[in-house]
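# Fold and contact review
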Amino acid sequence: MTSTQTIRAAVLGASGYTGADLIRLAARHPSIEITALIAKAHAGQPLAKVYPHFASLDLPALVTADEVDWDNVDVAFCGLPHGTAHNEIAKLPDSVKVVDMSADFRLRDLGTYAEWYGAEHGAPELAEGAVYGLTEHYRDAIAEARLVACPGCYPTAVLLALLPLSKSGLIAADGIIIDAKSGVSGAGRSLKQNILFSEAGEGLSPYGVGTHRHVPEIEQELGAAAGKSVTVNFTPHLVPMTRGELCTCYVQLADGTSADDVREGLAKAYAESPFVRVVEEGVIPATQHVRGSNYCHIGVFADRIPGRAIVISTIDNLVKGSAGQALQNFNLMYGLDETTALEQLPLFP
Ligand SMILES: NC(=O)C1=CN([C@@H]2O[C@H](COP(=O)(O)OP(=O)(O)OC[C@H]3O[C@@H](n4cnc5c(N)ncnc54)[C@H](OP(=O)(O)O)[C@@H]3O)[C@@H](O)[C@H]2O)C=CC1
Ligand SMILES: CC(=O)N[C@@H](CCC(=O)OP(=O)(O)O)C(=O)O
């Protein structure tokens with residue numbers, strides 16, 4: 001396609017955080033015209049009433065999915081809760097391409113989906129054709145896909161750090177420990193007790209200990225890359241900040257491999273990837289180095305325990321962890337430069 005063509009986009013879940021960040025980024029995309037904004041409880045309201053920071057944009061009002069003229073839509077970005085997304089996406093006409101930010105189409109094994117998400121999958125035939133949208137590793141398949149399932153925010157940070165290492169055999173398939181931290185926007189905009197300021201504001205809380213639903217997603221992708229079963233210990237924590245995510249991954253090195261080999265392997269893997277920066281030795285990645293941007297920073301450190309290394313990865317959960325990666329995948333699906341509308345630098349401090 002040429003850069004002068006217009007692609008008509010709908011956003012499902014436009015009143016939610018991922019939907020809103022998608023709108024923020026898409027509003028500056030030269031090829032996107034937003035033709036429909038879909039919500040549930042907020043349907044019927046102007047977007048700027050729900051999000052005053054959009055007051056300067058001329059956008060359609062929020063409507064329900066039933067009210068949309070789908071002949072006027074080429075692509076749908078989906079920021080619906082998991083368990084809802086698969087049913088809503090199944091109703092869309094085949095002519096509409098889909099970039100899904102929910103978890104519903106990420107797991108290849110639908111038995112695993114039912115086990116971790118507590119319900120049978122509502123659209124198995126669509127799941128069959130879905131492509132896992134970890135952009136840097138599946139560019140060719142994403143470019144050809146009708147439905148792209150963007151990874152979860154934690155899996156994005158973890159897999160960008162570890163997938164090349166599993167693939168090249170630089171790390172062992174077991175002994176991977178992931179200590180993950182997220183800002184509260186990772187939990188979305190709906191009211192929940194644990195994200196009240198009074199309960200999240202001055203504490204650090206682990207959650208989903210040993211049971212978080214991102215475990216099978218991470219193991220699926222590391223296992224596929226390694227060509228054998230991979231297991232991880234993964235514990236997420238809620239941090240009193242709005243945006244940002246940081247994963248500290250403790251790994252067992254393959255025999256004869258050093259932390260320097262790991263850093264070099266990652267730098268080589270991402271040499272052609274504009275948004276993944278393997279930071280120089282001695283630089284410590286931090287969430288504030290990527291906030292508001294589509295960048296992922298990865299640092300590699302030797303562990304004092306022989307044969308082990310520490311790989312630290314950080315992203316903005318709402319940008320590279322959802323809306324930014326969704327837009328990057330959209331760019332590939334339409335033959336555009338993958339950086340289009342994603343060039344903004346991190347917001348620091
Ligand atoms: N927050 C994050 O950092 C990340 C989130 N994700 C995933 O993206 C998805 C969206 O997350 P997030 O934006 O945080 O969630 P929010 O809770 O902020 O927003 C959810 C949105 O879905 C809409 N909605 C809910 N139920 C329905 C329904 N039955 N029909 C139509 N619309 C509905 C809501 O509309 P209304 O408010 O009007 O009812 C709202 O717009 C989730 O699957 C989430 O897990 C993925 C990566 C990162
Ligand atoms: C802080 C917080 O609650 N984070 C969310 C992760 C957000 C995400 O990536 O969710 P999906 O897999 O549904 O896309 C969680 O742990 O469930």
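What you are looking at is a predicted structure, and each value in this text was computed from that prediction instead of being measured.

## Comments concerning the overall build of the chain
Regarding its fold elements, the chain presents 11 helices and 14 strands. For 349 residues, the compact-globule estimate of 2.2 N^0.38 gives 20 Å, and the C-alpha radius of gyration of the chain, at 20 Å, lies within 12% of that figure. With 349 residues in all, the chain has 48% of them scored as buried. Pairs at least 24 apart in sequence give 70% of the contacts found in the chain among residues at least 6 apart.

## Some words on the UniProt feature "active site" (unreviewed entry) in the chain
Here, the residues flagged by UniProt with the feature "active site" (unreviewed entry) are C153. Note on placement: C153 falls in helix α7 (residues 153–168). C153 sits in the buried class, given 29 other C-beta atoms within 10 Å. C153 has contacts with S182, G186, E245, N317, G321 and S322, leaving out every residue within four places of it along the chain.

## Section: the site of ligand 2
The environment of ligand 2 is made up of H82, S102, A103, G152, C153, S182, G186, A187, P236 and L238. Of the residues contributing to the shell around ligand 2, the split by class is five nonpolar, five polar and no charged. Structurally, the shell around ligand 2 is a two-domain feature, drawing no fewer than three residues from each of domain 1 (7–129) and domain 2 (154–317).

## So, the UniProt feature "domain: Semialdehyde dehydrogenase NAD-binding" (unreviewed entry) in the chain
Here, the residues flagged by UniProt with the feature "domain: Semialdehyde dehydrogenase NAD-binding" (unreviewed entry) are residues 8–145. For residues 8–145, helix accounts for 29% and strand for 17%, while the C-alpha atoms at its two ends are 17 Å apart.

## Describing unusual backbone geometry
Residue F348 is joined to P349 through a cis peptide bond whose omega torsion reads 0°. Its location among the elements puts P349 in the segment after α11 (319–333). Non-glycine residue A341 carries a positive phi angle of around 65°. With respect to the helices and strands, A341 occurs in the segment after α11.

## Describing the sheet that holds strand β11 (residues 245–252)
Strand order in the open sheet formed by seven strands is β9-β10-β8-β11-β14-β13-β12, with mixed pairing between adjacent strands. Whereas interior strands pair on both sides, the edge strands pair on one side only; in this sheet they are β9 (205–206) and β12 (276–278). Sheet topology note: the strand β8 (residues 176–182)/strand β10 (residues 232–238) ladder contains seven bridges and is parallel. Bridge pairing in β10 places I178 opposite F234. Here α7 sits on the sheet in contact with β8, β10, β11, β12, β13 (296–302) and β14 (308–315), set at roughly 35° to β11. Relative to the sheet, helix α10 (residues 259–269) contacts β12, β13 and β14, its axis offset from that of β13 by approximately 160°.

## Some words on the nonpolar core
Among the nonpolar cores identified, the biggest contains 95 residues, and V11, C78, V158, L162 and V311 are the most heavily contacted of them. Examining the composition of this core, we find that 10 residues originate from one element, α7, more than from any other. Residues from two domains meet in this core; each of domain 1 (7–129) and domain 2 (154–317) gives at least three.

## Comments concerning the pairing of strand β4 (residues 75–78)
Note: strand β1 (residues 7–12) against β4, four bridges, orientation parallel. Bridge pairing in β4 places A9 opposite V75. Handedness of the crossover joining β4 and strand β5 (residues 97–100) through helix α3 (residues 85–90): right-handed.

Calculation notes
- Residues numbered from 1 in each chain as written.
- Chains lettered and ligands numbered in written order.
- Predicted model: local features only at pLDDT ≥ 70, side-chain atom pairs only at ≥ 80, totals over all residues.
- Helix = DSSP H or I, 4+ residues; strand = E, 2+ residues; numbered from the N terminus.
- Rg over C-alpha atoms; globule rule 2.2 N^0.38 Å.
- Buried ≥ 20, exposed ≤ 12 C-beta atoms within 10 Å, placed from the backbone.
- Contact = placed C-beta atoms within 7 Å.
- UniProt positions renumbered as here; feature names shortened; annotations may be inferred.
- Near = placed C-beta within 6 Å.
- Nonpolar A, V, L, I, M, F, W, Y, C, P; charged D, E, K, R; others polar.
- Domains from an automatic or database assignment.
- Pairing = 2+ DSSP bridges.
- Axes fitted to C-alpha atoms, helices over the stretch in contact; angles between N-to-C directions.
- Core = buried A, V, L, I, M, F, W, Y, C linked by C-beta atoms within 7 Å.
- Right-handed = clockwise from strand over helix to strand, strands pointing away.

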